[in-house]
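Letter by letter, the chains look like this.
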Amino acid sequence: MTLLGALALMISIPPVAAQSARLVTDQDASQMVHTAFRVIDGAPSDIQMIAVGPDGFMWIATSRGLTRFDGLHFDHEPVLGFPLQSVYDVFVDRDNSVWAGLLYGGMVRVREGKITLMKGDGFPPGTPFAMRQRNDGTLWEVTSKGVAHFDGSRWVPLPPNMGYTPVRPLRATLTPDQTLWINDNNHIYTLAAGARTFGHATEDDMWRAKNEMPADRQWKPAHQGGQGIRDRAGTNWSVMDSGIDRYHWQAGEPAPRIEHLGLAEGLSSEDIRGIAQDNDGNVWVWSSRGLDRFRHSRLTRVPIEGERAAPAMQADARDGIWVSSFQDPLWHVTGKGVQAVPGNGVVAFALSPDGKLWSVSQHGLQSDRGDEHERIPLPDEITRLNYQSLAVGPDGTAWLSVARWGLYRYRDGQWQRLTDQTTPEPTRMVFDARGRLWSVFDDRITVTEGEWTTSYTAADGLDVGPVISIDAAGPAVWVGGIKGVQLLNHGRFAGLVTSKGDALEGVSGLLITPSGELWANTLRGVARIGADDVARTMLEPTHVNRVQWFDHSDGISGAPQQRRPVPTLVQSRDGRIWASTNEGVFTIDPASFKPDARKLRPLVTHVSADGTSFDIRADIVLPKLAHTLQIDYTAPDLSAPERVRFRYRLDGIDKDWQEAGDRRAAFYTSLPPGSYVFHLMAANEDGVWGDDVVAIGFRLPPAWYQSIFFKLACGALVIALAMAAFYLRERRLARLRQVRRAERERIARDLHDTLLQGTQGLIYHVESALKQTRETNVRIMLIDAIERAQDTLIEGRERVNVLRADDSAPVDLVELLRVSAQTIMRGHHIRFDLATEGTPRLVHAPVAAELATIFQEALSNALLHAHARAIDARIVFQRRRLTIALKDDGRGIADKVLNNGGREGHWGIRGMHERAELFQGRVIISPGTDRGVVVTIHAPGKVAYAQ
């Protein structure tokens, strides 16, 4: 029987028709995301009541006080100073004040960390068990012995003229029409909004009002006494003696479909204490074993009975898909429901451009469209093999890939085998809008147009690992594989770039929607990339795409197949996305999906430094020299807390926001003293960031040696010491100059009284001898001697003048050494060269005098002892050092003289070293490379230079 024919005869096949189910908007509990928070997870074991405030926190009443829950962590001491008493009821008003009803009477209000105990003075006696707040802000409290309302400053009990005197109130509720309902000793009293007196009603009226039962629904359950709610999908939840009953209302049906939840359905316990719905529509059930959360999933599991592993999928020509698990039955799934059809073991599908549905099984190749049905026998050799992929072109040609056997083509009533076992067969085949056949292989992709085939390999940029999926229906070709997704752009493949941590891996299903979005079924879950990002990627392949993930938190479970059957992701013509895994088929309607636009407001929960905790309600002053600082924070989200992301910044330390991911603590070490402000931001599950929150401020005082006064004192001390050192140095230098001046004057006197006077007397004796001789040669020698002696006398007088002169004026060292050299070498016929390096600088006069003397001694030694014929001198001006080097070509210096620092009884070389020590310099005498001697004089720049 054909597929569509079998579907048309569904009504006449009762056994198969009995296997049908409905895809309902309110979702069965098995389709919702169920999370259990048990005692082992930190949940209290004795929950009495829960309440969710405007800030998103859940407050839990327990026999040991209050517990606060942010969606992940239970804080059992959220309020410092809260009395250690059993709390029976809890309520959070619109101002985010927490009201805790004490088991033994009285009420505690916690407002901005301030605790106020209310007992007596108008507050009714008994155990508070129901607080409600009307739209006008009025708070009503019902206790086991009375009723009162809060006027903003005090509790006002019921006056006797309101038509109701409390006796033994049992239950109370506030319905959406703002009517207050009270069950007192099994009598029902009602106080409508604006009414001044109570009315009367029945228990059935109260149950119907509390559960928001429609007026035209007369059905009622056998048990009405328990708690109940109506969720946002219109389904009623009612606490029973054992578990929970859910009432699913269907149009035109007088009674609901009843779904029971108990231990078999995953509830933590069947001893239910209460049920409530939070601000996001999540349903919470509490029992002696903890909390259960039921969240409407974004992806709905398709209720296919029996074997669901690794199903094959194909969109039909209307608004649904066909699903096959290779066994009977075949499932036809639409947004309205699921229907079963005998499928004869269909393995692969294809939808031709003319709307025909093609399928292949071991019974043959089959096509169906309306009343047109055709079955085509397969070649005998492939009737019992694994069929990999099926594709049908615009001309009606069918292409069939057979695993490990080859590629076949059916055209004009004939089968043709195109490849054999030695050639890899394609794992996926699709036709694009131009009628070209795209074939996917592990390591390449081919496109066939007529008789021409083009291959794309790694040489063309293909790099997704084994290729698994392809989408060629749109203007671009996209492929997916183990390593990610790529786009064929101008003849080359380029990788789809995502942010860190959002890599698409194991992509076995891939499609581009008509609106331009990219959807992929990956090993992590289903990924969605917006149309704007996709369009930009087509223009800029390096664009970083934002990824929205749908995983187990959204109702999908299992992992998609990585080989066959593929694709694991299809879109029906009504826009629904269908994804298959090894645990079934899941669907989402992108048109009805609304991203989470909530802006989470984070806050700091704990601050500690070096293991010491601080009260975050007060000004925080850390201990001096605190080394390690830890700031714990959170952002309440009762729907998807594991997806909340954080970023923070500490003013003065962090230049940019620090991306913390899902980490809920910040750590700092060795902070300098100062005042700090900690900023915090949080993003919800869909990546919407909230506002910058100044989460907390604190101060780290300095130690005594870190204070500004200590630093100023140290600065003043350093300045004083520097000034004192400068003064002492100047005083020492002045004294040294005075001593040097006195010594120089003494030397000048000695020179004048001895050497100069003796030289003058010698000149007189030589002149006398000159007058007494007539020999020409002798007279020439005496005249020369007289001239030399006169030159020496003149030089000596100049030296005496220099010694007596003021040594404060800087000296041009280059000119001084040039003049000194000319004086020493007068009468000697040798080559002398004086060169400079660097920028010449003026030199202090005393240092220049010592340098000139050493320089002259070195020249004299080269002339008199080494008998040099050429001398090269070089003056090197460096920033930190002044260097004078002399090199001669004489006969050198004996090793013994060099090692002993001079000849015995001679003081020239020793004098050179001693003079160098006077200006913290040194003299180095070493043999030349070939011959001669090299004399190097070093003087520190800070001593030698005048500037």
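Rules and cut-offs
- Residues numbered from 1 in each chain as written.
- Predicted model: local features only at pLDDT ≥ 70, side-chain atom pairs only at ≥ 80, totals over all residues.
- Heavy atoms only, no water.
- Salt bridge = Lys/Arg side-chain N within 4 Å of Asp/Glu carboxyl O.
- Buried < 20%, exposed > 50% of the residue type's maximum accessible area, 1.4 Å probe, protein only.
- Pairing = 2+ DSSP bridges.
- Helix = DSSP H or I, 4+ residues; strand = E, 2+ residues; numbered from the N terminus.
- Axes fitted to C-alpha atoms, helices over the stretch in contact; angles between N-to-C directions.
- UniProt positions renumbered as here; feature names shortened; annotations may be inferred.
- Left-handed = near helix turned anticlockwise from the far one by under 90°.
- Contact = heavy atoms within 4.5 Å.
- Nonpolar A, V, L, I, M, F, W, Y, C, P; charged D, E, K, R; others polar.
- pLDDT = per-residue confidence, 0-100.
- 1 Å grid on protein atoms, 1.4 Å probe; cavity = no way out; pocket = protein on both sides within 12 Å on 5 of 7 lines; lining within 4 Å.
- Points joined across faces, edges and corners; volume = space filled by probe spheres on them.
- Arc of directions from axis to C-beta.
- Parallel < 35°, antiparallel > 145°, perpendicular 65-115°, else oblique.

As a further point, take the pattern of salt bridges. According to the stated counting rule, one finds 37 salt bridges in the structure shown. Here D151 ties to R154 by a salt bridge, and the two come within 3.8 Å at their closest N and O atoms. Residue E372 is joined to R369 by a salt bridge in which the shortest nitrogen-to-oxygen separation is 3.1 Å. Residue classification places R369 among the partly exposed residues on the basis of a relative accessible area of 29%. Within the structure, one salt-bridge network assembled from shared partners comprises R295, R298, D551, D554, R643, E685 and D686.

So, about the sheet that holds strand β23 (residues 283–287). The strand order across the open sheet built from four strands is β1-β24-β23-β22, with neighbouring strands paired in antiparallel fashion. The open sheet terminates on both sides in strands that have one partner only, identified here as β1 (33–38) and β22 (272–277). Along the sheet, successive strands turn relative to each other by an average axial angle of 15 degrees, direction set aside. Taken together, the six bridges between β1 and strand β24 (residues 290–295) define a ladder with antiparallel strand orientation. Residue pairing in the sheet places H34 in a bridge with F294 of β24.

Let's shift gears to the UniProt feature "transmembrane region" (unreviewed entry) in the protein. Per the UniProt record, "transmembrane region" (unreviewed entry) is annotated on residues 708–728. With 100% helix and 0% strand, the stretch residues 708–728 has end C-alpha atoms that lie 30 Å from each other.

This part takes up the packing of helix α7 (residues 813–824) against helix α8 (residues 845–864). For the pair α7 and α8, interaxial distance at closest approach is 10 Å and the crossing angle is 35 degrees. Both α7 and α8 take part in a crossing whose hand is right-handed. Residues L813, L816, L817, S820, A821 and I824 of α7 lie in contact with α8, whose contacting residues are A848, L851, A852, F855, Q856, L859, S860 and L863. Its residues assigned to classes, the contact of α7 with α8 comprises 11 nonpolar, three polar and no charged.

Looking now at the sheet that holds strand β20 (residues 244–248). Taken together, the four strands give an open sheet; going across it, the order is β18-β19-β20-β21, and neighbouring strands pair in antiparallel fashion. One side of each edge strand has no neighbouring strand; the edge strands of this open sheet are β18 (228–230) and β21 (257–261). Going from strand to strand, the sheet's axes swing by 20 degrees on average, the running direction of each strand aside. Where β18 lies against strand β19 (residues 236–239), three bridges are found, and the strand directions are antiparallel. Bridged to G228 within β19 is S238.

The predicted model of the protein has a mean per-residue pLDDT of 85, with 90% of residues at 70 or higher. Between residues 1–24, whose pLDDT stays under 50, and residues either more than four places distant or in other chains, the model counts 58 contacts.

To continue, consider the layout of surface pockets. Volume-wise, the second largest pocket comes out at about 1,700 Å³. Along its surface, the second largest pocket is lined by 50 residues, and R132, T173, I229, I275 and A276 are the ones closest to its centre. Those elements that place two or more of their residues in the lining of the second largest pocket are β2 (49–52), β6 (87–92), β10 (128–133), β14 (169–174), α3 (203–210), β18, β22 and β23. Of the residues forming the lining of the second largest pocket, the biggest block, six residues, is contributed by β14. Residues that form the lining of the second largest pocket fall into these classes: 24 nonpolar, 14 polar and 12 charged.

Restricting attention to buried positions, one finds in helix α4 (residues 531–539) the residues D533, V534 and T537. End-on view of α4: buried residues confined to an arc of 100 degrees, all on one side of the axis. Exposed positions of α4 whose direction lies more than 90 degrees from the buried face are D532 and L539.

Right, let's get into the packing of α8 against helix α10 (residues 908–918). For the pair α8 and α10, the least separation of the axes is 9 Å and the interaxial angle reads 160 degrees. Looking at the two axes, α8 sits roughly antiparallel to α10. Relative to α10, α8 is oriented so that their crossing is left-handed. Every residue of α10 that contacts α8 at E850, T853, I854, E857, A858 and N861 is listed here: G908, I909, M912, R915, A916 and L918. Of the residues belonging to the contact of α8 with α10, the class tally is six nonpolar, three polar and three charged.

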